[in-house]
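So the chains spell out like this:
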Amino acid sequence: MAAAAAAASIRERQTVALKRMLNFNVPHVKNSTGEPVWKVLIYDRFGQDIISPLLSVKELRDMGITLHLLLHSDRDPIPDVPAVYFVMPTEENIDRMCQDLRNQLYESYYLNFISAISRSKLEDIANAALAASAVTQVAKVFDQYLNFITLEDDMFVLCNQNKELVSYRAINRPDITDTEMETVMDTIVDSLFCFFVTLGAVPIIRCSRGTAAEMVAVKLDKKLRENLRDARNSLFTGDTLGAGQFSFQRPLLVLIDRNIDLATPLHHTWTYQALVHDVLDFHLNRVNLEESSGMENSPAGARPKRKNKKSYDLTPVDKFWQKHKGSPFPEVAESVQQELESYRAQEDEVKRLKSIMGLEGEDEGAISMLSDNTAKLTSAVSSLPELLEKKRLIDLHTNVATAVLEHIKARKLDVYFEYEEKIMSKTTLDKSLLDIISDPDAGTPEDKMRLFLIYYISAQQAPSEADLEQYKKALTDAGCNLNPLQYIKQWKAFAKMASAPTNYGNTTTKPMGLLSRVMNTGSQFVMEGVKNLVLKQQNLPVTRILDNLMEMKSNPETDDYRYFDPKMLRGNDSSVPRNKNPFQEAIVFVVGGGNYIEYQNLVDYIKGKQGKHILYGCSELFNATQFIKQLSQLGQK
């Protein structure tokens, strides 16, 4: 991993770019003494979503940001401070900025656009500044090319605000017009372009034919090509390139269409991060939990108390999260317990030392011990902030893991996970699908629907009409909405013409016996009856495609993938000399939405490859509930 440490991750690069922007577009120097320049930050929702996973309020304050406000909120004039704007170049945002200039809200204006602003809109701002005689106050106008959201060192998503614009449903709507499709594709390409500008690299692009991914590839290739051709204004020259981790080798961008694998986004999962995303409200690295407050102490007839909402940030600074977000859940529960025990031991030590110190008067022995205890106590006190932080993280993960566990137990998610794994890897099934669907205790109607859809998608031949009717009846009786199935039926008929069914590898989980044996009795987590399933690495379709293209393996699945090299002067499929060497860096981008299951699968895959890096990106990040909703809307038509 030495190479990875040296190379800046996309998260670092985007953070550095943001800090430079907050520092009036001058590189931010860490150790410069003296107060920062105090300023206000004005952003729109897009800017907020980009900044919040990367910079905490404290970090903003260290950068001199005293106030951060939404552009479209009522803001009071603060005439003696500079304002840094970070917004999308939309009509309404520009109008509002012009209004700020007219009202002379701030001392000076640093205007930063998340994505490139058009010439005509720039002229609007210039005219407004002239009219308000505020030309001298507009200090700088910058295109930041930061129109994407980084969630992990190696994961990004395009947008959060108007994600229905680029959702799976939007791309696959049967009644979408060509112009609407163009808009969707342009939105995706604009963000991907920003991503590569921030990365400081021009990729080699591969994609499957006849899909939305191909449309993105063609447009992105054109956009990169035009930018490279305009040498004077190219964003890929000079200082940005040399600094990148890609200085000697270009990355591979694999554009994948969601339609090659619809089973994985519906799959019940078993790793910590993916489970949190599946069963809790987890959004831009923040998880929102409802704490159920008890009824016991309220007098009879009183209204039940409101549920408290708590939110926790799961950040890269959180060592426990970094270490365990990809671990199977039982392992996480055990680790939380161990952390708790080691914390308690430390806490007791501090208490013991404190009490010894307090005993000075009475006990002769205590005084003779003072000399070496003073040293001990000093070290204990100095480690106090560290201990408190440790306690905060333990509490956080105890709460989050307990919330996840409640879902696993209430919905028998371990049973679903194991059963789906068997279906996807074509292993013999130990009990019939109908039994699970008609078992009232197993899961929610949605869980049952997900299971059946995975079965339907993975089946070599679709169930006969008679069988299907029987399943449909069982699903309806269980309270399922059958709309998603309508859509998947059409999709499957269409996909059959296009290609063979997806293969999900053939290794599976093996149960380790019931968890209760593994867990010691004093544990916080009552895991009775939850299976302790251990994961075996098996490559999902997305990972397999990446492996073929990154390692230059010949495989019918990927041999006809198109090849684009934006740096070649004349680009067309036949004349492009193929790069024959395996790639060191790759970006997998899923058009139509991604999930943490695939992300984790790629992370696990690349662990075994020395010195190679992968980034995972997607047009939106959805969990199974959100995906089923989109399938359901598509099935209503």
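Residues numbered from 1 in each chain as written. Predicted model: local features only at pLDDT ≥ 70, side-chain atom pairs only at ≥ 80, totals over all residues. Heavy atoms only, no water.

(A) The arrangement of the side chain of Asp278 in detail. Among the secondary structure elements, Asp278 is positioned in helix α11 (residues 272–279). For Asp278, a relative accessible area of 8% puts it in the buried group. Excluding residues within four positions of it along the chain, Asp278 makes contact with His267, His268, Thr269, Arg450, Asn623, Ala624 and Thr625. (Helix = DSSP H or I, 4+ residues; strand = E, 2+ residues; numbered from the N terminus. Buried < 20%, exposed > 50% of the residue type's maximum accessible area, 1.4 Å probe, protein only. Contact = heavy atoms within 4.5 Å.)

(B) Region of the structure containing unusual backbone geometry. Of note in the backbone geometry, Tyr145 takes a positive phi value of approximately 50° without being a glycine. Among the secondary structure elements, Tyr145 is positioned in the loop between β5 (138–143) and β6 (149–152). Judged by its relative accessible area of 14%, Tyr145 falls in the buried class. Look at Met552: it is not a glycine, yet its phi comes out positive at around 55°. In this structure, Met552 sits in the loop between α21 (541–550) and β15 (562–564). Accessibility expressed as a relative area gives 30% for Met552, which makes it partly exposed.

(C) Molecular detail of the sheet that holds strand β11 (residues 286–291). With antiparallel pairing, the 3 strands of this open sheet are ordered in space as β10-β11-β12. Edge positions in the sheet fall to β10 (281–283) and β12 (308–313), since each of these pairs with one other strand and no more. Averaged over all adjacent pairs, the angle separating strand axes in this sheet is 25°, with direction ignored. Two elements, β10 and β11, share 3 bridges in a ladder whose sense is antiparallel. In the sheet register, Phe282 faces β11, and the bridge partner there is Val287. Helix α15 (residues 384–411) contacts β11 and β12 of the sheet and is inclined by roughly 70° relative to β11. (Pairing = 2+ DSSP bridges. Axes fitted to C-alpha atoms, helices over the stretch in contact; angles between N-to-C directions.)

(D) Molecular detail of the pairing of strand β4 (residues 106–113). For β4, a buried count of 7 out of 8 residues is recorded, marking the element as mostly surrounded by other parts of the structure. Running through helix α5 (residues 91–102), the crossover from strand β3 (residues 78–87) to the neighbouring parallel element β4 is right-handed. Bridging between β4 and β5 involves 5 bridges; their strand directions are parallel. By the bridge assignment for β5, Tyr109 is matched with Val138. (Right-handed = clockwise from strand over helix to strand, strands pointing away.)

(E) Representation of the environment of Asn288 in the model. Within the secondary structure, Asn288 sits in strand β11. Note on Asn288: relative accessible area 27%, which makes it partly exposed. When the C-alpha atoms of Asn288 and Val400 are compared, they prove to be 9.2 Å apart, with 112 residues separating the residues in sequence. Residues within four places of Asn288 in sequence aside, it is in contact with Asp281, Lys310 and Ser311.

(F) Representation of the sheet that holds β4 within the structure. Pairing within the open sheet is parallel, and its 5 strands lie in the order β2-β1-β3-β4-β5. Strand pairing shows two members of the sheet lacking a second neighbour, β2 (65–70) and β5, which therefore form its edges. Across the sheet, the mean angle separating the axes of adjacent strands is 20° when strand polarity is ignored. With 4 bridges joining them, strand β1 (residues 39–43) and β3 adopt parallel strand pairing. The residue of β3 that forms the bridge with Tyr43 is Phe86. Set on the sheet, helix α2 (residues 10–22) makes contact with β1, β2, β3 and β4; between it and β3 the angle comes to about 155°.

(G) The packing of helix α8 (residues 178–199) against helix α9 (residues 212–229), seen in detail. At a closest axis distance of 9 Å, the pairing of α8 and α9 adopts a crossing angle of 50°. Considering their axes alone, α8 and α9 lie oblique with respect to each other. In terms of crossing hand, the pair formed by α8 and α9 is right-handed. When α8 is examined against α9, the residues Met181, Glu182, Met185, Asp186, Ile188, Val189, Asp190, Leu192, Phe193 and Phe196 are found in contact with a partner set consisting of Ala212, Met215, Val216, Lys219, Leu220, Lys223, Leu224 and Asn227. For the contact of α8 with α9, a count of residues per class yields 12 nonpolar, 1 polar and 5 charged. (Parallel < 35°, antiparallel > 145°, perpendicular 65-115°, else oblique. Left-handed = near helix turned anticlockwise from the far one by under 90°. Nonpolar A, V, L, I, M, F, W, Y, C, P; charged D, E, K, R; others polar.)

Keep in mind these values describe shape, not function.
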